[in-house]
Amino acid sequence: MRLLTSRLLLLLLVIAFGFATTSMLAAPLQAEARATEIVFASGPDETGTVQRLIEAFNESNRGAIHVTWRQMDRDNNAHRRQLVKDLSNEKGGIDLIATDVIWTAEFAKKKWVEDLTKRFYQAYDRESLLAPALGSATYRLRIWGVPWYTDAGLLFYRKDKLAKSGFSAPPETWEELGRMARKVMKDTGTRHGFVFQGAEYEGGTVNAAELIWSAGGELMVGQVTVTGSVLPGVAETDAVLISSDAAARGLDIARKLVADKVSPAEVASFREKEALDAFVSGDAVFLRSWPYAYASLRQAGFTPDQIGISPLPAASAGGRSASCLGGWNLMINASSSKSERDAAWKLIRYLTGADQQKRQAREAGLLPILRGLYDDPSLVKEVPVMGLGKEVLTSRLHVRPSTPFYAEVSARIARVFNQTLKGELTGAEAARVLDRELRAIVLRNR
């Protein structure tokens, strides 16, 4: 009996020890399993800044949140198609999404992204953010995203080459740009005067819009009105305004730049990379691009004495230039679980913090969305494009149409602009075609 009791006691001790050992071994695994895994999708980043920010976030949230960064396609249209495919699938794998400012209306109306209005007002003072950037994340009076960084079209030029031809300041009008470009091309042997984005994609739409706006024209505008008093609702209307002499004039400016050989015929196939490459190689006097190009130029070896930055030209003396609002917002997948959405929100708060915004400006040349950073003299000195960016963002900025069917609108504008650059349409013909096609889109989507 004593022997049996001893054996039973020994067996119980072995079992207890086994459970304890198993529990100790499982504890780290269970702790690791408690970490919320999320996927953050954004475009490629050659500077490595995004990867470093994600790594720093993961380190500071070890055991609680782990972020995997997914790089999307460089091409804007392909990037959108990838997101649409993922967001259309309720089991899609993306939790936090970097979205172009023009996608807000579509993504919000289709309920692919979470309404962040309540979260936003609990965490942010809206006055601390640049108003145009925040406006790009708003649809039907609700906030669907938080701006990550902002953008504005700018004119880059070879300051050193202009000086050799006797010019001490950049052009103020498109006509002046043409005259200056032809003289510098003749004096220095530079192949091209002005390069920009004219391919049939979103960049073409942006360039077309800037030229039309600079001439005093418009594309289309949307109006949001609150309806009802007991149960308030929101109604939208879209008005197509492109059939004007001013819009035709803006499109003719682009056509003339190519016809006069100030811009090469190849601009009809240029995207951001091709235009920047032509400028970096020394083959162009002027470049239309986004603020990040300045960081790329410095990395390519250009000095501040060689490169100048200014607002884009106006259509006429005394007129106002126009720059298109660009940039990217951060949105949360509405189909993600609550824990994943909460983790994504924490990452948004991190990426939009002052320290991270400064780091993006310094390392990647991206314009911050926090207004106060533009008054930081040391940061502006390190990132000169911020000084001009502030001026453009506050006085020369225009926005593309905010509409759920923007993809259709943009595709038509880019195609007709491309045809205009190729000499297939005059400015007036292009404006008439766009007026007819955009009206058909609005009617079809009512």
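It should be emphasised that the depicted structure is a prediction, and the values quoted were computed from it without experimental measurement.

Asker: Just checking my understanding: could you explain the packing of aromatic side chains for this structure?
Answerer: Geometry of an aromatic ring pair is reported as the spacing of the ring centres plus the angle between the planes. Throughout the structure, instances matching the rule amount to 11 aromatic pairs. Clustering of aromatic rings is evident, with ring pairs tying together W103, F107, W112 and W328. Here the basic side chain of R271 rests over the ring of Y201, its NZ or CZ set 4.4 Å away from the ring centre.

Asker: Any chance you could explain the sheet that holds strand 11 (residues 284-289) here in plain terms?
Answerer: Whether parallel or antiparallel, the strands of a sheet pair through hydrogen bonds between backbone atoms. Ordered by their spatial adjacency, 4 strands build an open sheet running 8-11-7-12, and the pairing between neighbours is mixed. The open sheet terminates on both sides in strands that have one partner only, identified here as strand 8 (192-195) and strand 12 (307-310). For this sheet the average axis-to-axis angle between neighbouring strands, irrespective of direction, equals 15°. Here strand 7 (residues 154-158) runs beside strand 11; their pairing, made up of 4 bridges, is antiparallel. Looking at the pairing, F156 lines up with L287 of strand 11.

Asker: Whenever I open this one, the environment of S165 confuses me. Can you help?
Answerer: Mapping S165 onto the fold places it in the loop between helix 7 (159-164) and helix 8 (174-188). A relative accessible area of 8% means that S165 is categorised as buried. Between the alpha carbons of S165 and V184 there is a distance of 5.9 Å; along the sequence they are 19 residues apart. Beyond its immediate stretch of four places on either side in the chain, S165 contacts K183, V184 and D187.

Asker: Even after reading the chapter, I still don't get the pairing of strand 1 (residues 36-42), so can you show me in this structure?
Answerer: In the case of a regular strand, side chains alternate between the two sheet surfaces. For strand 1, the tally of buried residues reaches 6 of 7 residues, placing the bulk of the element in the interior. Note: strand 1 against strand 2 (residues 65-71), 7 bridges, orientation parallel. Within the sheet, the bridge partner assigned to T36 lies in strand 2 and is I65. Regarding topology, helix 2 (residues 49-60) serves as the crossover connection from strand 1 to the parallel strand 2, and that connection is right-handed.

Asker: I tried to follow the pattern of salt bridges on my own but got confused; where do I start?
Answerer: Tallying each qualifying case throughout the model produces 31 salt bridges. The closest approach of N and O atoms between R142 and D115, which form a salt bridge, is 2.9 Å. In this pair, R142 is assigned in strand 5 (residues 142-143) and D115 in the loop between helix 4 (104-109) and helix 5 (117-123), connecting sequence segments 27 residues apart. Judged by relative accessible area, R142 falls into the partly exposed class, the value being 38%. Relative accessible area serves as the criterion here: at 28%, D115 is assigned to the partly exposed category. In this structure, D283 and R191 form a salt bridge, with 3.5 Å as the shortest nitrogen-oxygen distance. Here the residue D283 occupies a position in the loop between helix 11 (272-280) and strand 11, and R191 occupies one in the loop between helix 8 and strand 8, the gap between them amounting to 92 residues. By relative accessible area, which is 54% here, R191 ends up exposed. Three or more residues joined by partner-sharing salt bridges are found here, namely E114, R119, K338, R341 and D342.

Asker: Just checking my understanding: could you explain helix 3 (residues 76-88) for this structure?
Answerer: For an α-helix, the turn length of 3.6 residues means that residues three or four places apart are oriented alike. Its 13 residues place the ends of helix 3 18 Å apart at the C-alpha level, agreeing with the 18 Å of an ideal helix rising 1.5 Å per residue. Packing partners of the buried residues in helix 3 comprise strand 1, strand 2, strand 3 (96-100), helix 4, helix 9 (202-214) and strand 13 (323-332). You can read the cap of helix 3 off the contacts: a side-chain oxygen lies 3.1 Å from the backbone nitrogen of N77, and it is on D75.

Asker: I tried to follow empty space enclosed by the protein on my own but got confused; where do I start?
Answerer: If a probe as big as a water molecule is rolled over the atoms, it shows which places are left empty. Applying the stated rule across the entire model yields 1 cavity of 30 Å³ or more. Quantified by volume, the largest cavity comes out at close to 50 Å³. Lining the largest cavity are W174, F194, F196, N207, E210, L211, L257, R288 and L312. Considering every element that reaches the lining of the largest cavity, the biggest residue donor is helix 9, with 3 residues. Here the residues of the lining of the largest cavity sort into 6 nonpolar, 1 polar and 2 charged.

Asker: Sorry if this is basic, but what is going on with the environment of L83 here?
Answerer: Mapped onto the fold, L83 is located in helix 3. Using a relative accessible area of 0% as the deciding quantity, one classes L83 as buried.

Asker: Would you mind going over the layout of surface pockets with me for this structure?
Answerer: Of the voids in this model, the largest pocket is the one considered here, and its volume is about 1,200 Å³. Looking at the largest pocket, it is lined by 43 residues, and the ones nearest its centre are P44, E46, R74, E272 and Y292. By residue class, the composition of the lining of the largest pocket is 14 nonpolar, 14 polar and 15 charged.

Asker: I tried to follow the side chain of T117 on my own but got confused; where do I start?
Answerer: Of note, T117 is situated in helix 5. In this structure T117 comes out as buried when scored by relative accessible area, which is 9%. For T117, the side chain forms a polar contact with the side chain of D115, separated by 2.6 Å.

Asker: Explain unusual backbone geometry here, please?
Answerer: Glycine aside, negative phi is the norm for most residues, and most peptide bonds take the trans geometry. For L141, which is not glycine, the phi torsion reads 70° and is therefore positive. Tracing the backbone shows L141 in the loop between strand 4 (138-139) and strand 5. Of note, K261 is a non-glycine position whose phi angle comes to about 65°, a positive value. Classification of K261 by relative accessible area gives exposed; the value is 64%.

Asker: Looking at this structure, I do not really get the nonpolar core. What am I missing?
Answerer: Buried together is how nonpolar side chains tend to be arranged in soluble globular proteins. Counting residues in each nonpolar core, the largest one holds 134 residues, and the members touching the most others are F40, F286 and L347. The element that contributes the greatest number of residues to this core is helix 13 (residues 338-351), accounting for 7 residues.

Parameters and conventions
- Residues numbered from 1 in each chain as written.
- Predicted model: local features only at pLDDT ≥ 70, side-chain atom pairs only at ≥ 80, totals over all residues.
- Heavy atoms only, no water.
- Phe/Tyr/Trp six-rings, centres within 6.5 Å; stacked < 30°, edge-to-face > 60°.
- Lys NZ or Arg CZ within 6 Å of the ring centre and 35° of its normal.
- Pairing = 2+ DSSP bridges.
- Helix = DSSP H or I, 4+ residues; strand = E, 2+ residues; numbered from the N terminus.
- Axes fitted to C-alpha atoms, helices over the stretch in contact; angles between N-to-C directions.
- Buried < 20%, exposed > 50% of the residue type's maximum accessible area, 1.4 Å probe, protein only.
- Contact = heavy atoms within 4.5 Å.
- Right-handed = clockwise from strand over helix to strand, strands pointing away.
- Salt bridge = Lys/Arg side-chain N within 4 Å of Asp/Glu carboxyl O.
- Expected span 1.5 Å × (residues − 1).
- Polar contact = N/O pair within 3.5 Å; in protein donor to acceptor, adjacent residues only side chain to side chain.
- 1 Å grid on protein atoms, 1.4 Å probe; cavity = no way out; pocket = protein on both sides within 12 Å on 5 of 7 lines; lining within 4 Å.
- Points joined across faces, edges and corners; volume = space filled by probe spheres on them.
- Nonpolar A, V, L, I, M, F, W, Y, C, P; charged D, E, K, R; others polar.
- Core = buried A, V, L, I, M, F, W, Y, C linked by side-chain atoms within 4.5 Å.

In short, geometric facts, not functional conclusions.
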